[in-house]
Amino acid sequence: MKTKLKFLFLLPLFALSFLMSCQQEVVDVTPPAESEALVADSELTSLISAAAKMDGSKDNIIDKASCMSVELPVTVIANGVEITIDSEDDYQVIKTIFDEFEDDSDNLDIVFPITIVLADHSEIALEDRQALENLIAQCQDNNQPDDDIECIDFQYPISFSVYNTQFQVIDNITIENDRQLFMFIHRVKQGEVFASLDFPVTMVLSDGSTISVYNNLELQNTIEEAKNACDEDDDNDYHDTDFTLERLDALLVTCPWVVRDFNRNAVELSDKYREYLMIFNEDGVVKVRARNGEVYSGTWTTRLTDKGAMINLQLEGAEDFTLEWLVYDIEYGRIKLLAEGGNKIILAKNCDIVFDQTKTRIENYLKECFWRIERLRIAGTNKESDYIGTPLKFEDDGVVKLRVQGELVTGTWEVQDANLGFVLQIHLDGRPDLELEWLVAFLEPDLIKLESLTNSMIIRRYCPDGDNDINYINDVIISSNWQVALYQDGDVDKTSDYFMYTINFLESGAVAVTDPNNGLIDGSWLAYRNDGLFLGLNFGIEVPFQVLNHRWRIKEISQTRIELKDYSFTGEVERILVLEIK
């Protein structure tokens, strides 16, 4: 850990009266090295100011101007549909309406009055369209160079120490957003304050990755290197079609791409092609891997036309992919391809997927951790509830174990190289739903999708070791006996159904419930992480606990209380279960 802070020094002078009034609050600090000090109009100060400018390109689908932004909320009418835009996520709603038909004319009207935010974060109220057009006319033309920096941002909060001319701290300022930073640096450049930036500072790149910097030089170099490293998308549109062929080619070859949506000749084929993998090689070879492991090879080329960039795919055996596609939209990690006649492909980048799977790689992957049965569909019937809290463990020598009520049911497993891919065979006595030959249809870190005729299963990796949250939950749960303090199903309080029951969670994964007559109900439990923290409970068919069989989201947990909630697909709370120490 560093014992001294390093600072960005900006050297305007304070008024004498300000120094005298604040002298009693001075805290002595070690004076900085001369090489750390920068004057107010230095390059680094200008870079910080440019990075803090308001980026007006995010809402170009509304105002078609990158030098300003419309303050939210705002009401617009897109192709006759009135929408209230409350957040940046709602820009996609407009785009979805515009994308509904390929050959129509898109129109957007703004409901006035509105407030405009300029690049310097100042605001102007506008009463009509003409006032907006007058402002737009003052902006740079489409994709012209500007002085804002959009490819790197500060991760807030950050803080500044305010100094007098003797390098003595007289105040500390916390900055929470770009607007505050821009205003503060403006005061620095005007000579109103004499300040230093407290390091370390975290910078966020355009791809979402972060860099920590520890001094002035590192900060300046980081901003300089990143400021032109992305497409600022300053065209007067929302979707990104102003990329170069070089950028498109470089993007395509970075990682495998997963098919998310697919239309051919106006026919919806997403169910057929979803999770097919595509890999673009630099030598112009493209490969498509089907869910069953079959691989189709062909060629790909790109060219630039008046419409935009085009990708020509030629694939033998995968004719639905064979077409020249318009690159309609590029977002981070996502490409949308269109072609006339109702053709569409949406691809999502996934650098964690290995395109060329091998038997050994699949075997080693399965043996790394436990696996939760997240989804199980047998002949059209959902069966996953039977396996809540019962993880699988694939071990060496072909041994597989299923943990049920704390006991291990032992069987065998094997990965075989089939004609069209790899097959996982599982044999577990008394578990016919699992005793099938499962085709490995899709494999990515933490998740494997399996198929067998009309059956499908998703297993998700469960590695509790090293997860401090899960370890804490496990320690709390097994440390005491528990009782149901609240069970609310909708508006109905059903807590009384569980009066005088005692719940004991065992370290083995078993749960034992003692009823008022000292009868015993056995079950299974599992705490795990999956876009949040969950507690899986499985009491089988034993009344009244069978209705608690569920993967509950953990909302609060302490040494004496656990609050669990069950959410609907729309995000509404359907049930609440509270356990308290007994």
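Residues numbered from 1 in each chain as written. Predicted model: local features only at pLDDT ≥ 70, side-chain atom pairs only at ≥ 80, totals over all residues. Heavy atoms only, no water.

Colleague: Explain the overall build of the protein chain to me, please; I cannot follow it from the model alone.
Modeller: Scanning the protein chain for helices and strands turns up 11 helices and 41 strands. Relative to all contacts within the protein chain whose residues are 6 or more apart in sequence, the contacts with residues 24 or more apart total 52%. Accessible area for the protein chain stands at about 29,000 Å²; split by element, carbon and sulfur atoms hold 47% of it. (Helix = DSSP H or I, 4+ residues; strand = E, 2+ residues; numbered from the N terminus. Contact = heavy atoms within 4.5 Å. Areas by Shrake-Rupley, 256 points an atom, 1.4 Å probe, with all protein chains shown as cover.)

Colleague: What is the right way to look at the state of the cysteines in this model?
Modeller: In a disulfide, the sulfur atoms of two cysteines are covalently bonded to one another. Taken as a whole and assessed by the stated rule, the structure comprises three disulfides. Across the disulfide, Cys369 is cross-linked to Cys463 (sulfur-sulfur distance 1.8 Å). In this structure the cystine formed by Cys369 and Cys463 twists about its S-S bond by roughly 110°; its chirality is therefore right-handed. Of this pair, Cys369 sits in the loop between helix H10 (359–366) and strand E24 (370–378) while Cys463 is found in the loop between strand E32 (455–462) and helix H11 (468–478), placing the two residues 94 residues apart along the sequence. The buried category is assigned to Cys369, whose relative accessible area is 13%. (Disulfide = S-S within 2.5 Å. Buried < 20%, exposed > 50% of the residue type's maximum accessible area, 1.4 Å probe, protein only.)

Colleague: Would you mind showing me how to read H10 here?
Modeller: Structurally, the α-helix is built with 3.6 residues per turn, so residues lying three or four positions apart point the same way. Considered for burial, the residues of H10 that qualify are Ile362, Glu363, Tyr365 and Leu366. Looking straight down H10, one finds that the buried residues subtend no more than 165° of arc, so they occupy a single side. (Arc of directions from axis to C-beta.)

Colleague: Sorry if this is basic, but what is going on with the sheet that holds strand E8 (residues 123–126) here?
Modeller: Neighbouring strands of a sheet are bound in pairs by backbone hydrogen bonds; such pairs are parallel or else antiparallel. Taken in spatial order, the three strands make up an open sheet running E3-E7-E8, and their pairing is antiparallel. The open sheet has two edge strands, strand E3 (68–70) and E8, and neither has a second partner. For this sheet, the mean inter-axis angle between neighbouring strands, taken without regard to orientation, is 30°. Two strands pair when backbone bridges link them, and E3 and strand E7 (residues 114–118) are joined in this way by three bridges, in the antiparallel orientation. Bridge pairing in E7 links Ser69 to Val117. Most of the contacts of helix H5 (residues 129–136) go to E8, to which it runs at about 140°, and overall it touches E3, E7 and E8. (Pairing = 2+ DSSP bridges. Axes fitted to C-alpha atoms, helices over the stretch in contact; angles between N-to-C directions.)

Colleague: Help me understand the side chain of Lys393 in this model?
Modeller: With respect to the helices and strands, the residue Lys393 is situated in strand E26 (residues 392–394). Buried and unpaired, Lys393 has Glu395 as its nearest opposite-charge partner, separated by 5.2 Å. Of note is the side chain of Lys393, whose polar atom sits 3.5 Å from the backbone oxygen of Lys367. Ignoring anything within four residues of it in the chain, the contact list for Lys393 reads Lys367, Cys369, Phe370, Val399, Val400 and Lys401. (Lys, Arg positive; Asp, Glu negative; His and termini not counted. Salt bridge = Lys/Arg side-chain N within 4 Å of Asp/Glu carboxyl O. Polar contact = N/O pair within 3.5 Å; in protein donor to acceptor, adjacent residues only side chain to side chain.)

Colleague: Got a minute to help me understand the pairing of strand E41 (residues 573–581) in this structure?
Modeller: Consecutive side chains along a regular strand alternate between the two faces of the sheet. Note: strand E33 (residues 481–489) against E41, seven bridges, orientation antiparallel. Looking at the pairing, Gln488 lines up with Ile576 of E41. The pairing of strand E40 (residues 561–567) with E41 spans seven bridges and is classified as antiparallel. Each residue of the ladder has a partner; that of Glu563, found in E41, is Val578.

Colleague: How should the pattern of salt bridges be read in this particular structure?
Modeller: Pairing between side chains of opposite charge can happen when the charged atoms of each approach one another. What the rule picks out here adds up to 23 salt bridges. A salt bridge links Asp396 to Lys367, with the nearest nitrogen and oxygen atoms 3.1 Å apart. Of this pair, Asp396 sits in the loop between E26 and strand E27 (399–404) while Lys367 sits in the loop between H10 and E24; the two residues are 29 residues apart in sequence, bridging distant segments of the chain. Linking Arg529 and Asp469 is a salt bridge whose minimum nitrogen-to-oxygen distance equals 2.8 Å.

Colleague: When you look at the packing of helix H2 (residues 43–51) against helix H7 (residues 216–226) in this model, what are you seeing that I'm missing?
Modeller: Helix packing geometry: the angle between the two helix axes and the distance between the axes. Packing of H2 against H7 brings their axes to within 10 Å, and their N-to-C directions diverge by 55°. With respect to each other, H2 and H7 are oriented oblique. Between H2 and H7 lies a crossing of left-handed hand. When H2 is examined against H7, the residues Glu43, Leu44, Leu47 and Ile48 are found in contact with a partner set consisting of Asn216, Leu219, Gln220, Ile223 and Glu224. Of the residues belonging to the contact of H2 with H7, the class tally is five nonpolar, two polar and two charged. (Parallel < 35°, antiparallel > 145°, perpendicular 65-115°, else oblique. Left-handed = near helix turned anticlockwise from the far one by under 90°. Nonpolar A, V, L, I, M, F, W, Y, C, P; charged D, E, K, R; others polar.)

Colleague: Could you clarify how one ought to interpret the packing of H2 against helix H6 (residues 178–189) in this entry?
Modeller: Taken N-terminus to C-terminus, the directions of H2 and H6 make an angle of 150°; their axes are 8 Å apart at the nearest point. Judged on the interaxial angle alone, H6 and H2 are roughly antiparallel. In this structure, H2 meets H6 at a crossing whose hand is left-handed. Residues Thr45, Ser46, Ile48, Ser49 and Ala51 of H2 form the contact with H6, whose own contacting residues are Asp178, Leu181, Phe182, Ile185 and Lys189. Looking at side-chain class alone, the contact of H2 with H6 contains five nonpolar, three polar and two charged residues.

Colleague: Please clarify how the side chain of Glu275 should be interpreted in this entry.
Modeller: Note on placement: Glu275 falls in the loop between helix H9 (270–273) and strand E17 (277–280). Accessibility expressed as a relative area gives 11% for Glu275, which makes it buried. Apart from the residues within four sequence positions on either side, Glu275 is in contact with Val258, Val259, Arg260, Arg291, Phe442 and Lys449.

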